[in-house]
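Residues per chain are reported as follows:
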Amino acid sequence: MEKDMIRELYDRYYGEAILYATAICQNADLAGDLVADAFVKACIALPKDVSSFRFWLFRVCKNLYIDFLRKQPPQLSETELQQISDRQTPEIRYLENERYRCLWGAICSLAPIDREIVTLHYFSGLPLPEVAQLVGRTYPAVRQRLVRLRKVLKQRMEEQGYDF
């Protein structure tokens, strides 16, 4: 793959990929490694029939994370995992506004599949059919789940005193 093309793809999709990877693994350092490895794979062997690089990149990040989980059984307690997710990550610094911090906290408290759906659709802008394919669910199931998740997030925001 051409150097300029990789640079352009990197500039365009790096931020979204980091956000997505952080959402699925809840660890900024690991997210950076996943995204870096995904871009290396793009340099080495990006399939020619890729219709959406962003979708392909997210799929590679998710697969790399699954591979990581297979190799590393969970060794952290829930308290330690919460401390990791509470650290100042680039995404949290980016969302300096307190309302967005509260929203991000509510999103992080969702189940992993729910967090992934919300992040893919709202932060990465993927259409629901692609989100459904990426998470391995049907389009109607993802659409219905997203409706429920919006209500949950709205309720959590209102509990913290924010209008949603």
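Up top is the structure.
All of the points below concern the structure found in this document.

Procedures and definitions
- Residues numbered from 1 in each chain as written.
- Predicted model: local features only at pLDDT ≥ 70, side-chain atom pairs only at ≥ 80, totals over all residues.
- Heavy atoms only, no water.
- Helix = DSSP H or I, 4+ residues; strand = E, 2+ residues; numbered from the N terminus.
- Buried < 20%, exposed > 50% of the residue type's maximum accessible area, 1.4 Å probe, protein only.
- Contact = heavy atoms within 4.5 Å.
- Areas by Shrake-Rupley, 256 points an atom, 1.4 Å probe, with all protein chains shown as cover.
- Salt bridge = Lys/Arg side-chain N within 4 Å of Asp/Glu carboxyl O.
- Phe/Tyr/Trp six-rings, centres within 6.5 Å; stacked < 30°, edge-to-face > 60°.
- Lys, Arg positive; Asp, Glu negative; His and termini not counted.
- Core = buried A, V, L, I, M, F, W, Y, C linked by side-chain atoms within 4.5 Å.
- Axes fitted to C-alpha atoms, helices over the stretch in contact; angles between N-to-C directions.
- Parallel < 35°, antiparallel > 145°, perpendicular 65-115°, else oblique.
- Left-handed = near helix turned anticlockwise from the far one by under 90°.
- Nonpolar A, V, L, I, M, F, W, Y, C, P; charged D, E, K, R; others polar.

**What to know about the overall build of the protein chain**
Phase 1 of the analysis: Summing up its helical and strand segments, the protein chain has nine helices and zero strands in all.
Phase 2 of the analysis: Traced from its N-terminal end to its C-terminal end, the protein chain shows the element sequence α-α-α-α-α-α-α-α-α.
Phase 3 of the analysis: Looking at the 164 residues of the protein chain, the share that counts as buried comes to 40%.
Phase 4 of the analysis: Across the protein chain, every contact between residues at least 6 apart in sequence was considered, and the portion connecting residues at least 24 apart equals 60%.
Phase 5 of the analysis: Entry remark: accessible area of the protein chain is about 10,100 Å², with carbon and sulfur atoms responsible for 50%.

**A closer look at the pattern of salt bridges**
Phase 1 of the analysis: Per the counting criterion, the structure on display carries seven salt bridges.
Phase 2 of the analysis: With a shortest N-O distance of 2.5 Å, Arg-145 and Asp-114 are connected by a salt bridge. Taken together, the residues span a long stretch of sequence, with Arg-145 in helix H9 (residues 139–159) and Asp-114 in helix H7 (residues 112–123) at a distance of 31 residues.
Phase 3 of the analysis: By relative accessible area, which is 6% here, Asp-114 ends up buried.
Phase 4 of the analysis: Between Arg-148 and Asp-114 there is a salt bridge, with the nearest N and O atoms lying 3.4 Å from each other. Note that Arg-148 is positioned in helix H9 and Asp-114 in helix H7, a separation of 34 residues in sequence.
Phase 5 of the analysis: One connected set of salt bridges, linked through shared partners, spans Asp-114, Arg-145 and Arg-148.

**A closer look at the packing of aromatic side chains**
Phase 1 of the analysis: Going through the model one piece at a time under the given rule, you end up with eight aromatic pairs.
Phase 2 of the analysis: When the centroid spacing of 4.8 Å and the interplanar angle of 35° are considered together, the rings of Tyr-10 and Tyr-14 count as tilted. With a gap of four residues between them, Tyr-10 and Tyr-14 both fall in helix H1 (residues 3–25), about one helical turn apart.
Phase 3 of the analysis: Since its relative accessible area comes to 31%, Tyr-10 is described here as partly exposed.

**Focus: unusual backbone geometry**
Phase 1 of the analysis: For Gln-26, which is not a glycine, the phi torsion comes out positive at approximately 60°.
Phase 2 of the analysis: Relative to the helices and strands, Gln-26 is located in the loop between H1 and helix H2 (28–45).

**As for the side chain of Arg-115**
Phase 1 of the analysis: Structurally, Arg-115 can be placed in helix H7.
Phase 2 of the analysis: It turns out Arg-115 is buried and unbridged, and the closest side chain with the opposite charge, Glu-116, is 8.0 Å from it.
Phase 3 of the analysis: Setting aside chain neighbours within four positions, we find Arg-115 in contact with Ala-23, Ile-24, Gln-26, Ile-107, Cys-108 and Leu-110.

**Focus on the nonpolar core**
Phase 1 of the analysis: With 48 residues, the main nonpolar core has Phe-53, Leu-57 and Leu-120 as its most contacted residues.
Phase 2 of the analysis: Counting only elements with at least two residues in this core, the list comes to H1, H2, helix H3 (53–71), helix H6 (98–108), H7, helix H8 (128–135) and H9.
Phase 3 of the analysis: With ten residues, H1 is the largest single contributor of residues to this core.
Phase 4 of the analysis: Those residues in contact with Leu-57 that sit more than four places away from it in its chain are Tyr-13, Ala-17, Ala-38 and Phe-39.

**Thoughts on the packing of H1 against H7**
Phase 1 of the analysis: In the contact formed by H1 and H7, the axes pass within 9 Å of each other and the chain directions differ by 165°. Considering their axes alone, H1 and H7 lie roughly antiparallel with respect to each other. For the pair H1 and H7, the sense of crossing is right-handed. Between H1 and H7, the residues in contact are Leu-19, Tyr-20, Ala-23 and Ile-24 and Arg-115, Glu-116, Thr-119, Leu-120 and Phe-123, respectively.
Phase 2 of the analysis: Residue classes in the contact of H1 with H7 are distributed as six nonpolar, one polar and two charged.

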